Amino acid sequence: MSLPVSIISQQPISTQQPLTLGVGTVTALAPMQDVTDLAFMNVIAEYGCPDYFFTEYFRVHETSRLDKPILRSITENTTGKPIFAQMIGESIPDLVRIAKLLSHYPVAGIDLNMGCPAPRIYRKNVGGGLLRDPDKIDRILGELRANVAGRLTVKMRIGFEDTSEFDRVLSLIDKHDIDLLSLHGRTVKEAYHGAVHYDAIAQAVARLRCPVLANGNVSSASTALAVLTQTQAAGVMIGRSAIRNPWIFSQIRQALADETISVVTLGRVRGYIDRLYQMSTAQAVPEKSQVSRLKMYLNYIGQSVDAEGGFLSEMRRAKTEVELFDICDRYLLTEPQTVFSPEPYPGIFARPKCED
Ligand SMILES: Cc1cc2nc3c(=O)[nH]c(=O)nc-3n(C[C@H](O)[C@H](O)[C@H](O)COP(=O)(O)O)c2cc1C
């Protein structure tokens, strides 16, 4: 497999050509609400930038305006990589209105969220809830396509309760000339549990004209290669494992180029934790909030620190900055050359608020 080749520009989308990902394999950081803000994207870019970013979702309803903090991840994006603006909603005039507003900013395209599995979201028939209503998807994509001059992309799951409508939804992706599909290979009801159905992703790749990014449990460079081989996708989109291991995108590039994959040590991970903390202290919030924000990231990082899960259970009990960093130092700096496991240790789970 060859290296990523397609770098697309960051002009307002109305001036851009349709998306072609080229012949290379690409990587993207998955959108994650309350995680993938401007500061976090900058940190990720320092450790090994993905080829594409996606914003957290802009909520779209009758009175919605562009959320300013999310907008900053577009207007102040200095990573050099394109960013797609994601929207979540079901009101067609408002989706069109917000998409048009977003088109004036330097986005790579407009992305529609059709995957969020949080019940309070899907009950409003937005996010993953849309997958129950293919007729509505048809109308939404038709109107957005007619009104968005640039790229229109979709991020979705393989169904709501089951995959009975999957084929129909794929035909709508083709019908409306969607430029890129990011596909999480689980149903909405499966949330984050159980195996990812990579066979369904392979089915979408074989069926669709547009490129597909395979998403769901891509946890290391070797998993990425296996998923790419199985699905033949144009690339991989990675969420939680990029929080755990921000070197993952550069490791994937190494693996694709048949180079030796760099080893990450616990000492380097300790540096990454400092970097994450600096990021939240820069935001002038009380120590308690900074500590709980860092713990959110540590929930993922801790999956690869020790096989017994000692780091995770101790850090979850820490209350102050001093306590938390003492635990980090003990687990990560006592033997800093120890390898940080490329995969999460079996049976060690992150337990943060998990919603999309
Ligand atoms: C904390 C969190 C927040 C998320 N927020 C979003 C979101 O705003 N939009 C979206 O399309 N998906 C969201 N997702 C889903 C991810 O983009 C991704 O599809 C999912 O985590 C599976 O990929 P992974 O196994 O690589 O993490 C979120 C996931 C998590 C864990």
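Participant: Where do I start with the domain arrangement of the protein chain in this structure?
Facilitator: Accessible area lost during the coming together of the parts is what is often quoted as the interface size. You can read the domains of the protein chain as domain 1 (13-256) and domain 2 (266-333). Here domain 1 and domain 2 have C-alpha centroids that lie 29 Å from each other. Taken together, the 9 residues of domain 1 in the interface contact 9 residues of domain 2. At the level of secondary structure, the elements contributing two or more residues to the side of domain 1 that touches domain 2 comprise α1 (38-48) and α9 (240-244).

Participant: What's the story with the nonpolar core in this structure? I'm lost.
Facilitator: In a soluble, globular protein the nonpolar side chains are often hidden away together inside. Ranked by internal contacts, the top residues of the largest apolar core, which has 104 residues, are Met 87, Val 212, Leu 213, Ala 214 and Val 236. When we break this core down by domain, the ones giving at least three residues each are domain 1 (13-256) and domain 2 (266-333). When residues no more than four places from it in sequence are discounted, the contact partners of Met 87 are Tyr 57, Phe 58, Val 60, Leu 95, Ile 98, Ala 99, Ile 110, Leu 112 and Asn 113.

Participant: Is there a simple way to explain the pairing of strand β4 (residues 83-88) in this structure?
Facilitator: A regular strand places its side chains on the two faces of the sheet in alternate fashion. Within β4, 6 of the 6 residues are buried, which leaves the element mostly enclosed by the surrounding structure. Examined bridge by bridge, strand β2 (residues 53-54) and β4 share 2 bridges and lie parallel to one another. When the sheet's bridge partners are listed, Phe 54 is paired in β4 with Phe 84. Pairing geometry for strand β3 (residues 58-59) and β4, over 2 bridges, is parallel.

Participant: How do you make sense of the packing of helix α5 (residues 134-147) against helix α6 (residues 166-175) when you look at a structure like this?
Facilitator: A pair of packed helices is captured by two measures, namely the crossing angle of their axes and the spacing between those axes. As a packed pair, α5 and α6 sit with axes 10 Å apart at the nearest point and diverge in direction by 10 degrees. In terms of their interaxial angle, α5 and α6 are classed as roughly parallel. Packed against α5, whose contacting residues are Pro 134, Ile 137, Asp 138 and Leu 141, the element α6 presents Arg 168, Val 169 and Leu 172 at the interface. Here the residues of the contact of α5 with α6 are counted per class, giving 5 nonpolar, no polar and 2 charged.

Participant: Help me out: how do you make sense of helix α2 (residues 68-75) in this one?
Facilitator: What sets the pattern is the α-helix's 3.6 residues per turn: residues three or four places apart point alike. Among all positions of α2, only Ile 70, Ser 73 and Ile 74 are buried. The buried side chains of α2 occupy one side of the element, clustering within an arc of 100 degrees when seen end-on. In α2, those exposed residues whose orientation departs by more than 90 degrees from the buried face are Lys 68, Pro 69 and Thr 75. Among the structural elements, α1, β3 and β4 are those in contact with the buried residues of α2.

Cut-offs and rules
Residues numbered from 1 in each chain as written. Predicted model: local features only at pLDDT ≥ 70, side-chain atom pairs only at ≥ 80, totals over all residues. Domains from an automatic or database assignment. Contact = placed C-beta atoms within 7 Å. Helix = DSSP H or I, 4+ residues; strand = E, 2+ residues; numbered from the N terminus. Core = buried A, V, L, I, M, F, W, Y, C linked by C-beta atoms within 7 Å. Buried ≥ 20, exposed ≤ 12 C-beta atoms within 10 Å, placed from the backbone. Pairing = 2+ DSSP bridges. Axes fitted to C-alpha atoms, helices over the stretch in contact; angles between N-to-C directions. Parallel < 35°, antiparallel > 145°, perpendicular 65-115°, else oblique. Nonpolar A, V, L, I, M, F, W, Y, C, P; charged D, E, K, R; others polar. Arc of directions from axis to C-beta.

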